[in-house]
2 protein chains.
Amino acid sequence: MIELYELAGADPEHRFSPFCWRARMALAHKGLEPVTVPWRFGEQDALPGAPETTTVPVIVDDGHVVQDSTAIARYLEHRYDDGPSLFGGPVGEAHARFVIGWTDAVLQPAVFRVVVGDVFRFVPPDQQPAWRQKREQRLGMTIEEAGARRVEALPAFRAVLPPLRWALRETAYLGGEEPSYADYAVFGAFQFARLTSDVALLEHDDMLHGWRERLLDLFGGLARRAARP
Amino acid sequence: MIELYELAGADPEHRFSPFCWRARMALAHKGLEPVTVPWRFGEQDALPGAPETTTVPVIVDDGHVVQDSTAIARYLEHRYDDGPSLFGGPVGEAHARFVIGWTDAVLQPAVFRVVVGDVFRFVPPDQQPAWRQKREQRLGMTIEEAGARRVEALPAFRAVLPPLRWALRETAYLGGEEPSYADYAVFGAFQFARLTSDVALLEHDDMLHGWRERLLDLFGGLARRAARP
């Protein structure tokens, strides 16, 4: 049995963390169904591996504690090497690091600026002051200002998408004809927005729309079925 | 014998095209030494496969004409599959497409804005009007204005580098412990700047400095030995 500790909102079924979705999809790719454990900002002591472990996702697999979405994907790839590959070998894994780096450095911050005003509603009231302080420092403005500027953040978000469209010109997935961990890393950011906001991130005729639909359909619609508040 | 048609400046030994450098490094990776043929903007009729073929790089391998740097890399990978792999398999190749897409959509335009004023010196006089018109449309300003704004373009260039640093945190190359075509695609943009301008693209303490040095050292210093005007 694998346990997956996931970020939850006030509703424990509301699991919206982009990084936890990477782990969830990677587990499903390997044919693994974890027992998921909801975790909320501030519940540091409740995490396996605490106090060293301070963020989710965390998995516990047969006593092994693995923290951090990328580390989890690598662990699964090597521990469950009889299942479908997440990376397609060492070079595929190295190249995936660039996709993950771009997602973390470029895509995820751009998504965050679009939905931050919506996300704040799901932060437990007692955690809001600390959460606000950290994010407002990063944003350079208040959450409320950022929420009001969503109309500017949306074109800025769309302006970072060309490499994704370029990569998907010829194949259904970033991994090629089949999805890979690169798809899950990028998809996490889209799923985060979908589960926290009603904003239409993509224009309707964007070719990325079809890619996102395919990701939502994978594993019997695992991501599509996810609870939205 | 493989022929490689490469962009040249007024000096036929001055080969500065980023896309031609991708092909040159991919050939060297496979242990292949092409006969290089200098080609200049405007010499459309001199290209194998003309009139369909209009840009370099072009290779002619045993009668096969292959145009476009990505197509050349794929051709070499499959035709010379006994040599070191450029992609490490189909998933590695799919993931490399994202790196190429990012290079084409983000990195290369950012480099171009830094060096455009310098590059213009190497365009043959009779081609300058057409070259100018096309580039000025893309830049939204004159070549001379862009040259004068190099001081603004440099920080904008450096601002796009985080995904590259992220990907290279753990390994010597984007391909992992060994270089892959992803490295050559990105390196082409740096080599283009190195061969056309004296601008210092990277700050001295940038960790990408070491990566670029490694690429310059590969294949007996192939890229380091390249003629600079």
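For the structure, check the block above.
All of the points below concern the structure found in this document. (Residues numbered from 1 in each chain as written. Chains lettered and ligands numbered in written order. Predicted model: local features only at pLDDT ≥ 70, side-chain atom pairs only at ≥ 80, totals over all residues. Heavy atoms only, no water.)

## Regarding the relation of the copies chain A and chain B
You can overlay chain A on chain B at an RMSD of 0.0 Å; the transform is a turn of 180° with a shift of 0.0 Å along its axis. On this basis, the relationship between the two copies can be described by a two-fold rotation axis. Closest approach to the rotation axis within chain A is made by the C-alpha atom of Gly92(A), at a distance of 1.8 Å. Interface residue correspondence from chain A to chain B reaches 100%, placing this contact among same-surface, isologous pairings. (Least-squares fit on C-alpha atoms with pLDDT ≥ 70 in both. Contact = heavy atoms within 4.5 Å.)

## Things to note about the interface of chain A and chain B
The accessible area lost on association of the parts is a frequent measure of interface size. Taken together, the 30 residues of chain A in the interface contact 30 residues of chain B. Across the interface of chain A and chain B, roughly 2,500 Å² is buried in total on both sides, 69% from carbon and sulfur atoms. Taken as a group, His95(A), Phe98(A) and Trp166(A) account for 32% of the area that chain A buries against chain B, more than any other trio of residues on that side. Connecting chain A to chain B are two salt bridges. One salt bridge connects Arg74(B) with Glu170(A), and the closest N-O pair in it is separated by 3.1 Å. Taken together, chain A and chain B are joined by seven residue pairs in polar contact (both at pLDDT 80 or more). Put simply, the parts of the chain that give the side of chain A that touches chain B at least two residues each are α2 (69–79), α3 (90–119) and α7 (162–167) of chain A. Considering each element in turn, the side of chain A that touches chain B owes the most residues, 14 residues, to α3(A). (Buried area = accessible area lost by both parts, 1.4 Å probe. Salt bridge = Lys/Arg side-chain N within 4 Å of Asp/Glu carboxyl O. Polar contact = N/O pair within 3.5 Å; in protein donor to acceptor, adjacent residues only side chain to side chain. Helix = DSSP H or I, 4+ residues; strand = E, 2+ residues; numbered from the N terminus.)

## Remarks on the environment of Arg24(A)
Residues and elements named next belong to chain A. Note that Arg24 resides in helix α1 (residues 18–29). Classification of Arg24 as buried rests on a relative accessible area of 18%. Remark: the alpha-carbon pair of Arg24 and Ala223, spanning 199 residues in sequence, is separated by 9.0 Å. In contact with Arg24, other than residues within four places in its own chain, are Leu4, Glu6, Pro34, Thr36 and Leu222. (Buried < 20%, exposed > 50% of the residue type's maximum accessible area, 1.4 Å probe, protein only.)

## What to know about the packing of helix α1 (residues 18–29) of chain B against helix α3 (residues 90–119) of chain B
Residues and elements named next belong to chain B. For the pair α1 and α3, interaxial distance at closest approach is 13 Å and the crossing angle is 150°. Relative to α3, α1 is oriented roughly antiparallel. Crossing handedness for the pair α1 and α3: right-handed. Every residue of α3 that contacts α1 at Pro18, Phe19 and Arg22 is listed here: Ile100, Thr103, Asp104 and Gln108. (Axes fitted to C-alpha atoms, helices over the stretch in contact; angles between N-to-C directions. Parallel < 35°, antiparallel > 145°, perpendicular 65-115°, else oblique. Left-handed = near helix turned anticlockwise from the far one by under 90°.)

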